Structure formats: structure tokens, C-alpha cells
Amino acid sequence: MIRRLILLALLAHLTCLPAFAALDPAQLARLGAEDSDEKIAAIAALAGADPEAMLPIFKAMSEDALYLAGDTLIRVEGDNYIDAASGKTLTPPPDNIESITINNRVRRTLDGALAGLRLFAAERDVRLAAAKELTASASAEVLPLLDKALAKEADPQIKQLLVLAQAKASLGSPDAAARLAAVKSLADSADPAVRQLLAAMLDKSSGSYSEPDEAVRIAAVASLTQIERRIAIGENLGRVFTGVSLGSILLLAALGLAITYGVMGVINMAHGELLMVGSYTTWVVQGLFRSYAPQWIDAYVLAAIPLAFMVAALVGVAMERLVIRHLYGRPLETLLATWGLSLVLIQAARVIFGPQNQEVANPTWMSGGIELYAGAMLPLNRIAIIGFALFVLLIVWLMMQKTRLGMFVRAVTQNRAMAGCVGVPTRRIDTLAFAIGSGIAGLGGVALSQIANVGPDMGQGYIVDSFLVVVLGGVGQLAGAVWAALGLGIVTKFLEGWAGAVIAKILVLLFIIVFIQKRPQGLFALKGRFVEN
Amino acid sequence: MKVGTLEHADPNQREQWEDGAPSGRIMTRGELDLSHKVILYLEDITVSFDGFRALNALTLTIDAGELRCIIGPNGAGKTTMMDVITGKTRPDAGRAFFGQTMDLTRMREPEIAHAGIGRKFQKPTIFEQHTVFENLELAMKTDKRVWRSLLAQLTGEQRDRVAETLKRIRLTSEADRPAGLLSHGQKQWLEIGMLLMQEPRLLLLDEPVAGMTDEETERTAELFVSLAGEHSLMVVEHDMAFVKALGGKVTVLHEGSVLAEGDLETVQNDPRVIEVYLGR
Amino acid sequence: MRTPLTIRFLTAMPRSGWIALAIFALVAWVLVPVAHLALPEGHPLHVSDYFVTLTGKVLCYAVVAVAMDLIWGYAGILSLGHGLFFALGGYAFGMYLMRQIGRDGSYKSDLPDFMVFLDWKELPWYWVGSDSFLWALVLVVVVPAAIAWVFGYFAFRSRIKGVYFSIITQALTYAAMLLFFRNETGFGGNNGFTDFKRILGYSITAPETRLVLFGLSALLLMCTLLLGRYLVTSKFGRVLAAIRDAESRVMFIGYNPLHYKLFIWTLSAVLCALAGALYVPQVGIINPGEMSPANSIEIAIWAAVGGRGTLIGPVLGAFTVSLAKSWFTVSFPEYWLFFLGLLFILVTLYLPEGLVGLWRRIRGARDKAPTAAKSEPAQTSKDDSRLPPDAATKGASA
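Residues numbered from 1 in each chain as written. Chains lettered and ligands numbered in written order. Predicted model: local features only at pLDDT ≥ 70, side-chain atom pairs only at ≥ 80, totals over all residues. Heavy atoms only, no water.

Peer 1: When you look at the overall build of chain B in this model, what are you seeing that I'm missing?
Peer 2: Helix and strand counts for chain B come out as 11 helices and 10 strands. Across the 280 residues in chain B, those meeting the buried criterion constitute 56%. Working note: accessible area of chain B is about 12200 Å², and carbon and sulfur atoms make up 48% of it. (Helix = DSSP H or I, 4+ residues; strand = E, 2+ residues; numbered from the N terminus. Buried < 20%, exposed > 50% of the residue type's maximum accessible area, 1.4 Å probe, protein only. Areas by Shrake-Rupley, 256 points an atom, 1.4 Å probe, with all protein chains shown as cover.)

Rendered as C-alpha cells:
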């Protein structure tokens, strides 16, 4: 009822555009009335006033920043006290001001008025948000307002939303033809709320359908199917995307492991901690930029990439030189020793950086997202990570296939003794391969810091996952690692949607155990005699 | 250097024989049937690795009691053939029978060993940490199931058998030394001794005299010749003097199938064999 | 002539071993109880509650360490998931202990507290019979054995070995941990089982109960050592070591490694489970944390520190590392992980044969000085670092 009043006021005002009445201080003061009903009436009346002028006042009211000093309505903005009617800053601030409190009922009215006002705002984003809000709460009363806004609106996206809101609102119309048209035009929606509305029309729990007209019901069924299909596509697209994004993280974690495992035949249990090293490097770089070069803060990630690579590679070389090198040919002992290394690194991180998680903020160009399809929002940071993983993959591939070092690494992977015989410096290659593998893990750490908190334990979960990628892909197979990482990522996300995260994890592990039964050499198996050695 | 190996042959093939119960006349257990005086049939065996045909429709038979030498250039498929016979590799096509009734393509490695095929590897594989005596004891023909091993103890008769074999392979004085400390030639002999302890009907010997001195080689030849008759032997060897000393029928493998067969002289004069060995 | 099995069992160990065992039994069954019960607190020889609980706990760890060594040291299979079997044994017995609480829980219900909290109305099917002590014992043995057998069958059949096997076992225990963390799994979720009151009607905190549990732990350890001694000196043990060193040769002489590995693997899991079942009433809690990969890998380091391929080594290792942990976590909690990490690294690098190997080396050096060096065969073959020390024929004087 109240809502209707406001809208009517708003409409009345819109019909006589653009002659705005000046804000009446007495009218404004009614916003500070004791009685909630009176406040609501005041809001309704004021909704028709100049949107430019009213918007900050309503906003202040909803933020509890509206005060009454005698009969003057005052809004507070930071340290300034502004006369709501004139918009002038009052110096010195008036004495004995009284805050205006609002209850939920008033707040709802206020929100409606705000959305209605914002529909005519100059900024596109504000209008878009308002249109979304109105679409969500559309009812028959809004219809005239929507018609007006539609006539004025030029932006296609907002227009689409408004049409949707209009159709939603028409569902409540007493005219069957209007309802039919609305139901039909709603078929283009992908909004779960619309699905609910249409489903409600077909509800028969009270004995008869809540929608009396059969033609409308038939149309509703048709629209419902379309909407459901679209929602399903949206959800699946979202899952594929998050799966690919998880897969690219796994890939970054597994690429390095695949290289070190391929070359030296040892699993580095501290590989996850190299991710952690990369992430902490990113965090430190961010801190340095914040302190010394705040104007370039958005570029900190770019600076962190080479640094994280180098720091992780150095840690890796130290591990290889001090420990792993002395355990050649004893893979099981290497597991234990590198586990020991991971414990030391974790504790070192705890001592240096503290046990609590640190947050690395996305640079602004990586914040936000793209709406690819109704309901499927793609965050920019994840898109950036996918791109980054592809970039790293390309570099690694070029290095392995096109450089002399890559050729040596491949040679040692296939036959260490033979490679040594033909003059490949196998020990140096080991160290280099370990440095590169570790460095790539460091890069993975940079990527990880953009979507998760940085903490001493963050690497622990990745060693099993990345090893599974290596197993699944087949040892020494870059292509295998890529497909395995993406496949695992996507399958995990779909299972999560279906059974929850824990069960999904367990199912994936079981799947891999079964998979090894069938294809012990991985997806891209090397066959023949030399596998047996 | 490779560590966590997940080796085995084509797992799909494995499924077929795992569920046991082969149909019809084909048996995987029981007595060796030598009614046709043939101990090993290989028929049209084909094995390929990623498109490379290691064995190409190989057909070969070994008579009971025969001593057969297999020669051929590298990559001719000699080792792969042994892998097929001992169940390590499953053929893509073809049939392999031990005697008249035992289908080797349906049996596991231990079953095949049990049925009476012993194999000596190219590189001597013995248990380096165990003593020479224990190596022979482990290889001895006996019930090799878990429960039996838990309760097993050597009888006097079994000790005698080990002692006898030790004498035959001239390692009596080394009986209590860890096998890893033997010389290369002695390891080869120990492995042959282990084969004998299994009392196999058919011995597959992959380059048994590699790394032996001339004297050791000579003695090995004598040993093999004395074994023939009672056992059947299939010897893969590059050393032509050794092949000549054995004196049996010779089969030449080339590119996964039989190129020529006959006594050494015939084979050596076969122009095709000369071409393969000397190149064009 | 065949020697009866009992005699062979007795002769599996040299006399010095039996004497050591008898002394151990005397200490565990007579001296400790007397010192705990008869001597007043404050007496210099009084054994405190803390000591009994701590030592009882470490005795259970020692059993696990020996079980780990049976498969790692003797069969060459490194499991990084043995904590799972330990925890399963603990959970199976913990179910019984939870039921023994009866209506004394905070909710005064017949159901365990966590089920009341979850608003469950009745016991899930797998809790049926959990109020019976005997059924609990059956579960302690059968469940871990079945899981180990099935997992082992598939893993060994596919010839998964080396680091592959290690990582897969780690994944297994990790998955189980996630599963047990869920409240819906029905094992108390995060908190697991705790607040036990009674065992077979006796108060679980009474000194007598503690001593009985302590004595049982000692008994389990002695039985494990005896069984282990018998196994590794039998032909079975020799086949196992042969599989470790040259599996394909073992196959071609007619043994099926699958069955051998499966037997020792399942046995090892059951020993862990029994230890777990004794551990839970002594420490009074079991939660999914016991299944964390870190716990399992710690078991491996017990065996490594003491000396793989010997039976006494893992016992020494379990005691050394656990007591060091107790001391560190009280005195220098910050440095415990550094110490543990360095222990992993240094032991694998410099003490591949553990404390037992170190002791042998010292003794060997002393013996060698007066008598002309009578080179022991195994010592010379040590250059080949690929091969773990062989103790199937010597060592292990428990």
C-alpha cells in the first residue's frame, strides 16, 4: 500500500518533468517524525521530488546519518554537517542534534524509493543496480514506473532487465492476456526467482491451480522448461569454468613436480611448500609496494612473478644440493627426507611470518568479473590465472622442446646412464631441472595467492593432488599432465556440485586408485621395453 | 633409476585369464601333456608396442628334450618372445601352448613357472642379500604358497638336493656367502643352478654365457648338453662358438619372425641370414 | 625329522633375546605396578600416573613401528597410510567405550552425545552391537584387515610399488580423514570420541585399569616381536626379502608375490589396529587427526630412526622420537617441528641403518681393533646403498 503511494507520487512527479519543486524544509523535517507511519508517508511524498537532491538524503537516512536539529533536517557526511534542504555545509555544527532512527518497515519503504529514484540516475552502474533490485522485487505496482523508465532508457542491458521486470510484474495482472504475454516473454530469463514464480503458477497444492487460465499454464510450462535449461547451462558453464581454473592451479603445481619426478625419479614432498614460498614472496612484494611505491601498487603482481620464481628456485636448488642429491637411487628415503624439509619450511614460515594467514589483495585490474552467461559469473582473477597457467605451460613447452637444456632434460628423463655416456652433464641437469621445477612451483604460489589466503600450511594439500596429476598424466608427459590437471579440476567441481566437497575429494581419490588398475602408466603411457627398467 | 614402476602387460588381456576357468580342452593346470613329443608351440604370435611390431606372426615349436639355439640381430624379438612364453607380456594375437594342453597366454608368471618353465634373464637376477644356499633353497621345487612357506623347514633330502646342485654349479665353497659377492660368471651359474632347482621341463636361457671366461663357457656348454634329453632347452646366444659347442638346431629370428631354421652350418650359409647379419 | 612348531617358535630367537624379553616382562608386569600402587607419592621410586600413561602410549606406538618395519624393512613396501589402520582400530574400540558411557553423558541419553547433538534418533546400522566388548574386538581386527586386504589386493595386483604405493596410501588415509571429519559419517566428526567413563564396567581412570592396559600394551608388543621374529627367520621371511630385492625373479621361480605381500600387509594393518585399540582407552580420545598424513609418515620415521630391517630398532625409534616429542612440545614447542624435520633429513642422510646400525658400527669398530679384521659379508656389501640392510638372518635381538 505504502509502496504504491510512493510510486504514485513518483509517477505524478515524472509526468511533469522536468519542473521540480524545490525541496520544502518543512516537508523534509517530517522524515524525522517520531511515528513510523508518518515517516513512511513523508518518504512517499518526497519520492516525487528532484531525484538528484533526494538521493543523498534517502541514502543518509538508510545509513543512519540523518539528524534533526530543531526543525532543520541535517545529513552528516564525514565530518561535515549539511543542511538537507539547501545542501549548504553548516559551520559551526549545530548543537543538540537528534538522530533519526528507522525500523525495518521504514527501511523497506526507503529501499523501494531509493531504487525507484536510482532508475533515473545519470550513472549507468547506479541505474543497472536499481534495475536489478526492481527486477528482483517486481510487482504490479511498479509497472507504470517501469514503462516510464523503459521509454527513457538507452542502455541495452538495463533495458533487458527492465523488460524482464515488466514481465514479472505483469504476472500478477488480473488480465489473462497480459499474463500470457508476460509468461511468454519470461521464457528468455535465466533467473531462479522467475522459475519460482512460474512454478508457483502451476502449484496445485490448494486443490486448483493458482493460475486459473489454461493457456497461460501451458505457456508457463513451456517457458519453465526453457528457463530451467538455461539455468542448467549457466550452472554447468560455471562449473566448467571453476573446474578449469582449479585445473590450472593444479597444473602449475604439477608441472614442476612432473619435471623433477621425471628427471630424478624422486617425489619431492616439499613441493607444496615451494608453492608457499612463492605465495609469501608475493605477499612480501605487495607489502613493499604498499610502503614504497603505492602509486604502482597494481603492478606488484608483475614484479612478484620473476621474484617468486627466483626465490622458489633458490630454495629448490638448496634442497637439491643439500639433501636430495645425496639420496639418489633411494626414492623412499627421499620421500621421508623431503617431508622433513617441508616440516622445516612450514615452521620457518610460521616463525618468520606468524602462524596466521596473510591476505594478498588482487590488483584492481584483476578484481570483478565478467558475466559470460546468465548466472555464470567469471571472476577476473581466475581468468587471469588460467591465462597465466597457459603462459607458463607455453614457456615450459618451448624450453623442453626447443632448447638444448630441454633436450638434455628429456634425455636424462629417458635414460640417465646413456645420457651421461654421451656427455650430458647429468648432475648439472638435475640441479637445473630441480631449480626450474621449483621455480614453476613458485609461480604456482603467485597464482594461488590471488585466490586463497597465504599461510604456512597452504602447500600441504597440494602434494597429493599434484602427484595424482602426474600419475594420471603419465610420468614425463607434459601433454598428459595438462589433460590430467584439467580433467581432475573439472571432474572435482562437478562432483562437488553433486555430492559436496568432501565426498567429491574421496570419489576422485577412489577414481584414481581404480584408474591405476586399468592404466598403470597413466593416460599417455610410454610402451615398450624401456618402460620395464 | 626409475623407481615407482607400474609395470605389467596389457591389463585388458589380464582380465581374461584372471577369472580362471578356461573353457573346453584348454587347461592351465595339471600334468604336462607331451603326447605329440612337442613341448612348446608358438603360433602366429604378434606383439606390438605403439605400432612397432616386436613379434610378427612368429611360429615356432620346440620338441621335448630338444636343445634349441635362437640367434638373431638386436631387436629381432628374442627377449619379447621369452616374455610371451613366461607370461610377462601378453601377445596381441596368436597362441602359445606348453605341451598339448596348457595355454600360456592365460597363465600368470608364477603359474607358468610352476608348470615347468624356468627362465634365466639376460642380466643375472639373483637375490644378492641372500646366501647362495638360500638362493637355491628359495628356487627349489616345492609348494610355494604363503602358508606352506610360513611353516616350511628343510628336510634332509631337500638339503641333499641343494648340496648336489651346489656341486654341479661349483659353488659349494660359496654356499654361505651372500650371493651379491659372487663374480659375474658365478652369478650366471647360480642363476642356472636356481633354474635347475625348479626342476623345469623347459629352460629358457637368455645369453647365459655373457661375461663368462672361456673355461666357464666351455663348462656351461657341457652342462647344457648333459641337461638336454631330460629337459628341453631354449638358448638365446650371440656367441657363435658357444652355439656351435651346443650343437643343436638353430633358429634365426629377424624382425619378429623366423627367418631360417636348421643346423648351424646350414643357417650360416643361408644368403638371407648373411644379408641380415652383414647388411646390404 | 620335522621339529614341532612350538619348538621352532621358541628357537626362532637366541637365548639373549628371551632373557631380554623376560626382563621386559618383569619390569612391565611387576615392577611398574608395584612402584605405581605400593609406593607413596613423593617416594623417589614412585611411578606417576603421567609416566604410566605416557609409557603405555609409547608401547602402542612401538607395536605400530614394528608393524611398519615388517612391511617396509622386510618387504620393501613403504606405507604412508598406516595411521589409518591404527585409527580404525582405535575407532572400533572407541565405539564400545562410547557405549559404555551409557547415560552418564552430558545429554543423559542412551545415544552418544554427538548423536544427540546431531539430533539423531537412533544408532546407525554400523553401531549395532557396539555395546558388546567381544564384538568390539571382532571389529578391531576385521575392519582394518578387510580394508587393508581389499586395498592391498588391488594395489599389489596392479604391481603398484615404490613411491607410487607410498603416495596412494597417503591419499587413502587423507581421504579417510576427510570422511571421518564429516559429522554425518557417524563417528563424532571433528571431535571424535572422548570423555570415556568405563571399560568392562571398571572406571577407565582408576590406577588398576591403567596398569592393566599398560600391561596389555607390553604383552602386545612382546607378542608382536615374537611373531615378527618367527616370520623373518622363516622361509616366508626369506621370500619376502627376495621380493623386496628382485620381484620378477621371485615370480619366475614360482612364487606369487601378490599373496606374500598381501599377507604381510594385512598382518601389519591388524597389528596397528590392535595397538590403536589399546591406545584409545589410555589416552582417552580418538579423532580424525590420527588419520592425518603427517601422523602416518611419523610412524615411518620411528622405524627409520631405530633401524629398518631389525625388530628391536623400531621399538627404540618409537621410544626415542615419542619421548623427544613429549619433551620438546613442553619445553620448546616452537622448535619441535624443526627438530622433527631435521630428524627426517639427518637420519635418511647419515643414519640409513638407524640407531641399531650406529650401535653395530661402534661395536664393529671396537671388535675389529684387537682381532684381525674378519670382514662380515653384509658389511662389505653395504657399499651398495640401494639395498636396505639385511636383518632377516641377523639382528633383531628383542
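Still more to cover.
Peer 1: How should I be thinking about a nonpolar patch on the surface in this particular structure?
Peer 2: Residue and element names in this part refer to chain C. A cluster of nonpolar side chains, contributed by Ile-19, Ile-23, Leu-26, Val-27, Trp-29, Val-30, Leu-31, Val-34, Val-212, Leu-216 and Leu-219, occupies part of the molecular surface with about 930 Å² of accessible area. Those elements that provide at least two residues to the nonpolar patch are α2 (15–37) and α8 (207–233). Among the elements that take part in the nonpolar patch, α2 stands out by supplying 8 residues, more than any other. Summarising the element assignment, Leu-31 is placed in helix α2. The class of Leu-31 is partly exposed, set by a relative accessible area of 47%. (Patch = residues over 30% accessible without salt bridge, like charges linked within 9 Å, V, L, I, M, F, W, Y side chains within 5 Å. Salt bridge = Lys/Arg side-chain N within 4 Å of Asp/Glu carboxyl O.)

Peer 1: Just to check I follow, could you spell out unusual backbone geometry for this structure?
Peer 2: Excluding glycine, residues mostly carry a negative phi; peptide bonds, for their part, are mostly trans. All names here are of chain B. The residue Ala-57 is not glycine, and still its phi comes out positive at about 45°. Within the secondary structure, Ala-57 sits in strand β2 (residues 52–63). Backbone geometry places Glu-255, a non-glycine residue, at a positive phi of 50°.

Peer 1: I tried to follow the interface of chain C and chain A on my own but got confused; where do I start?
Peer 2: How large an interface is tends to be reported as the accessible area lost when its parts come together. Between chain C and chain A, the contact holds 42 residues from the first and 36 residues from the second. At the boundary of chain C with chain A, total buried surface from both sides reaches about 3700 Å², with 79% on carbon and sulfur atoms. By the criterion of area lost to chain A, the three top residues of chain C are Val-163, Tyr-164 and Ile-167 of chain C, representing 17% of everything that side buries. Where chain C touches chain A, the interface holds 1 salt bridge. As a salt-bridge pair, Arg-308 of chain C and Glu-333 of chain A come within 2.8 Å of each other at their nearest N and O atoms. Our count for the contact surface shared by chain C and chain A stands at 3 residue pairs in polar contact (both at pLDDT 80 or more). Ranked by the residues each element gives to the side of chain C that touches chain A, the list is headed by helix α7 (residues 162–181) of chain C, at 12 residues. (Contact = heavy atoms within 4.5 Å. Buried area = accessible area lost by both parts, 1.4 Å probe. Polar contact = N/O pair within 3.5 Å; in protein donor to acceptor, adjacent residues only side chain to side chain.)

Peer 1: Please explain α8 of chain C as it appears in this structure.
Peer 2: Along an α-helix, residues three or four apart share an orientation, since each turn contains 3.6 residues. Compared with the 39 Å implied by 1.5 Å per residue over 27 residues, the 39 Å span of α8 of chain C between its first and last C-alpha is a close match. For α8 of chain C, the buried fraction is high: 19 of the 27 residues fall into the buried class. (Expected span 1.5 Å × (residues − 1).)

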